[in-house]
Amino acid sequence: MSAGNSGQIDSVMQENRLFPPPEEFSSNSQIGSFEAYQELYDKAKADPVAFWGELARQELHWFEPFNETLDWQEPFAKWFVGGKTNVSYNCLDSHLSTWRRNKAAIIWEGEPGDQRTLTYQQLHREVCRFANVLKSLGVVAGDVVSIYMPMTPELAIAMLACARIGAVHSVIFAGFSAESIADRNNDAQAKIQLTSDGAWRRGKVLPLKATVDEALDKSPTVEHCIVLRRVGNDPAMKEGRDHWWHDLVDEASDNCEAAQLDSESPLFILYTSGSTGKPKGIKHTTAGYNLYAKKTFQWVFDHKDEDIFWCTADCGWITGHSYVVYGPLSAGATTVMYEGAPNWPEEDRFWELIEKYRINILYTAPTAIRAFIKWGDHHVEKHDLSSLRLLGTVGEGINPEAWIWYHNIVGGERCPIVDTWWQTETGGIMMSPLPGAIATKPGSCTKPLPGVLPAILDPAGNPVGENQGGWLVMTHPWPGMLRGIWGDDDRYREQYWSKVPGKYLAGDNARVDSDGYYWIMGRIDDVINVAGHRLSTIEVESALVSHSAVAEAAAIGRTDEIKGQAIAVFVTLKEGEPSEEMRNELKLHVRKEIGALAVPDDVRFTNTLPKTRSGKIMRRLLRDIAEGKEEVGDTSTLEDYTALASLRDES
Ligand code: WTA
């Protein structure tokens, strides 16, 4: 679904198909009817604080009980005040005294086809050893550990090891550039860097350590770098600073008590794009996040002990944090991790994995689904997917046609689909069908989860009517909410709590239909969603303008069949001539500044950017041009939009 003005989206989203939960599915569900959902929802709504307090007592291990459920000093929330717990304990130790100690915690497959399974007991041991490694390098509670690694079990082990000793992890997706790593390391004052010699991607090696070396030259706070051997290349190792993972782990004891941490002890920072050039370090803390990840996992995926659950997200994103690692492991689930690309060696790799491991629940992104559609049904049909019982999507809206394809071709018309709306900031899923209880409509994330209290408001803060687009807000704090932006309380207040006082502003437009179903309509700010990943247009523009030849740049998201949105940039040059060479140079420059995921798909040169009288770039006009809705003649060299702009002097 493309972002854009609400009228446009309303008119294309006339979706009336309704898919009730299959009876057999409902009868085996924890929440097996709409009435049961409504009852739970109403109970939570009547007293959200009591609701979450009761769940926290039930679901988490408490070294010391909390004495206050919520301390709300808007916009700063403290949940389960005075309590002491540990996320790694809840994910591991809690299961060791049960039959689950010999259950598979992580089933992993590398891109080349290598496989590993770690039971809860084995995972516990590895986490303890790595926690001791961190301690041996002087890491103490509150220190920040920067993680730039491929999807290997060690990535999850590292996250859990940090959680065990109260260190704060900052996972940086392994597609980001050295510049981006350094920016994040400096903002977080990271003390330790974790990486690997390289990563496998479509049969090739990405030299992660080389990128990290460049980043560490500009990350003065990082004292040590631990390098996992993954691909077996020979990276340079800097004496005194760099250590091989296996050397340190070999010497480490497997005995490491989980630290008794304050409920509000920071668990992780995760950087995400906002509407300004600088990425925001979203801060999540211990008990509230843990409870939220666990409960939402159980509710939305209707988890059963015998399930094999696969969330295809990378741990570099929030989805990987909450639904590869923390949610499933707290719930004692078996979580699948896959290292590589969906089209390696063939375009059926996902289906092969599902068949091989008899996966029951698949949680992936609409951008992946659109790619699968393009690659062809035969890749799916080649495999036995009868183990699947539930499908999920996340990251952006799913086009109804892609939804239907997912339902028919992957789900064999028998699996409910949970379209889950949430954000890095929310910590876990906020709106989604409960698969045994709520009838789905393709393209709608349906209803809020119990304890989630959304509203849709106009800019003056008044509720809008049925089917009217407006700003999506949350009217009550929830345990998984972000606790702030790392080191920037003002920006936190400004970004989320100032436009509508007293409410959390999600930054998305949405509407509610006559059945009370929510439909997300895209962002209200300059954030674009490329292949399910958030990017700020301003970050891309800043990267371009940092090139010596560029005078001014405007980046916009245009509709793209596979990626949802693609990045189109319009550039004015202060030196040099528009050329194919310059175009490639600018693409390379953005890759270097931000990373491959931000490389513009289109680079267009113009002698001036179209602006309104008040000087604002006319983004809507640029979007129309990028989408071919405006005829601009020859686009190979220098374009001139002044005439178009004067026809449409709009803001
Ligand atoms: C968008 C990802 C429509 C939305 C978990 C949100 C969605 C942003 C959906 C957060 C969905 C996510 N339907 N839009 N089911 N899920 N979005 O922080 O714009 O990477 O604000 O978190 O993605 O992206 P983030």
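Anyway, here's the lowdown on the structure attached to this text. (Residues numbered from 1 in each chain as written. Predicted model: local features only at pLDDT ≥ 70, side-chain atom pairs only at ≥ 80, totals over all residues. Heavy atoms only, no water.)

The side chains of a regular strand alternate, residue by residue, between the two faces of the sheet. Counting buried residues in strand S29 (residues 564-573) gives 9 out of 10 residues, a clear majority hidden from the surface. With 10 bridges connecting them, strand S28 (residues 550-560) and S29 associate as antiparallel partners. Bridge pairing in S29 places Ala-555 opposite Val-569. In this antiparallel pair of consecutive strands, S28 and S29, the connection spans 3 residues. Inspection of the sheet shows S29 paired to strand S30 (residues 602-606) by 4 bridges, in the parallel sense. Among the inter-strand pairings, Val-569 is bridged to a residue of S30, identified as Val-603. Handedness of the β-α-β unit built from S29, helix H19 (residues 580-593) and S30 comes out right-handed. (Buried < 20%, exposed > 50% of the residue type's maximum accessible area, 1.4 Å probe, protein only. Helix = DSSP H or I, 4+ residues; strand = E, 2+ residues; numbered from the N terminus. Pairing = 2+ DSSP bridges. Right-handed = clockwise from strand over helix to strand, strands pointing away.)

So, on to the sheet that holds strand S18 (residues 361-364). Spatially, S5-S4-S17-S16-S18-S19-S20 is the arrangement adopted by the 7 strands of the open sheet, whose pairing is mixed. With one partner strand each, in any of the chains shown, strand S5 (115-119) and strand S20 (417-420) form the two edges of the open sheet. Across this sheet, the average inter-strand angle for adjacent strands is 20°, counted without regard to direction. As defined by bridge partners, strand S4 (residues 104-109) adjoins S5 across 5 bridges and the pair is classed as antiparallel. (Axes fitted to C-alpha atoms, helices over the stretch in contact; angles between N-to-C directions.)

Attention now moves to the sheet that holds strand S24 (residues 504-512). Strand order across the open sheet formed by 4 strands is S21-S22-S24-S25, with antiparallel pairing between neighbours. Only two strands of the sheet have a single partner each, and these edge strands are strand S21 (454-457) and strand S25 (518-523). Neighbour to neighbour, the strand axes of the sheet diverge by 45° on average, direction disregarded. Taken together, the 4 bridges between strand S22 (residues 470-474) and S24 define a ladder with antiparallel strand orientation.

Burial within helix H8 (residues 178-188) is extensive, with 8 of its 11 residues counted as buried. Listing the buried residues of H8 in full gives Ala-178, Glu-179, Ser-180, Ile-181, Ala-182, Arg-184, Asn-185 and Ala-188. In this fold, the buried residues of H8 make contact with strand S6 (144-148), strand S8 (192-196), helix H9 (208-216), strand S14 (266-272) and H19. Positive phi appears at Gln-189, one or two residues downstream of H8, with a value of about 55°. (Contact = heavy atoms within 4.5 Å.)

Another aspect to go through is the nonpolar core. Counting 120 residues, the largest nonpolar core has Leu-123, Phe-130, Leu-194, Ile-226, Phe-301, Tyr-326 and Leu-472 as its most contacted members. For this core, the element with the highest residue contribution is helix H7 (residues 153-165), accounting for 10 residues. Look past the residues within four positions of Tyr-326 in its chain and what remains in contact with it is Val-87, Cys-91, Met-159, Leu-160, Ala-163, His-169, Leu-267, Tyr-289, Ala-293 and His-321. In terms of nonpolar packing, the next biggest core, distinct from the first, is built from 46 residues, Ile-172, Phe-173, Ala-549 and Ala-555 among them. (Core = buried A, V, L, I, M, F, W, Y, C linked by side-chain atoms within 4.5 Å.)

This brings us to the pattern of salt bridges. Two side chains that carry opposite charge are able to pair once their charged atoms sit near each other. Per the counting criterion, the structure on display carries 41 salt bridges. Taking the shortest distance from any N to any O, the salt bridge between Asp-187 and Lys-278 comes out at 3.2 Å. Here Asp-187 is found in helix H8, whereas its partner Lys-278 is found in the loop between S14 and strand S15 (280-285), with 91 residues between them in sequence. When the shortest N-O distance is used, the salt bridge between Asp-515 and Lys-441 registers 2.7 Å. Of this pair, Asp-515 sits in the loop between S24 and S25 while Lys-441 is found in the loop between S20 and S21, placing the two residues 74 residues apart along the sequence. In the salt-bridge network here, residues are joined through shared partners; they are Glu-109, Arg-349, Glu-352 and Lys-356. (Salt bridge = Lys/Arg side-chain N within 4 Å of Asp/Glu carboxyl O.)

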